[in-house]
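Structural overview
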Amino acid sequence: PLPPDDETLHFEVHIKPFFRSRDQKSMLFRFDLWKYADVKENAPEILKRVDNGTMPCDGAWPKERVSVFARWVGAGCPE
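The notes below deal with the structure included here.

How each quantity is defined
Residues numbered from 1 in each chain as written. Predicted model: local features only at pLDDT ≥ 70, side-chain atom pairs only at ≥ 80, totals over all residues. Heavy atoms only, no water. Phe/Tyr/Trp six-rings, centres within 6.5 Å; stacked < 30°, edge-to-face > 60°. Helix = DSSP H or I, 4+ residues; strand = E, 2+ residues; numbered from the N terminus. Buried < 20%, exposed > 50% of the residue type's maximum accessible area, 1.4 Å probe, protein only. Lys NZ or Arg CZ within 6 Å of the ring centre and 35° of its normal. Core = buried A, V, L, I, M, F, W, Y, C linked by side-chain atoms within 4.5 Å.

The next point concerns the packing of aromatic side chains. Applying the stated criterion across every chain, the model contains eight aromatic pairs. Centroid distance Phe19 to Phe69: 6.2 Å. Interplanar angle 85°. Geometry classified as edge-to-face. Placement of Phe19 in the loop between α1 (11–15) and α2 (21–27) and of Phe69 in helix α4 (residues 63–74) is noted, with a sequence separation of 50 residues between them. You'll find Phe19 and Phe69 in the same group, each marked buried. Taking 5.5 Å as the distance between ring centres and 45° as the angle between the ring planes, the aromatic pair formed by Phe69 and Trp72 counts as tilted. On the criterion of helical spacing, the pair formed by Phe69 and Trp72 is a turn pair, its members being three residues apart in helix α4. The pair Phe69 / Trp72 is uniform in exposure class, with both members buried. Through pairs of rings, three or more aromatic residues link up here, namely Phe11, Phe18, Phe19, Tyr36, Trp61, Phe69 and Trp72. Residue placement shows Arg65 over the ring face of Trp61; its charged tip is 5.5 Å from the ring centre.

Formed by 22 residues in total, the largest nonpolar core has its most connected members in Phe19, Ile46, Phe69 and Trp72. Elements with a minimum of two residues in this core: α1, α3 (36–52) and α4.

From the geometry alone we can't say anything about function, so treat these as descriptive.
So, in structure tokens, the structure goes:
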């Protein structure tokens, strides 16, 4: 289930679970989707890609999941 709009988002609890093992492995050439520092550093590009549906490569995230990720990025990517 997605977190409610008033819940503070955290990487380990809310964001990391969005990235499946196959997503993590496919992106290791550039960064590790299971490492907070890597996702935070690349958050704007990841957001752009999940928003336009080019990430993950096997199908777009639902808009609700994109919204949660965008909220996390907008909040400064809290750990």
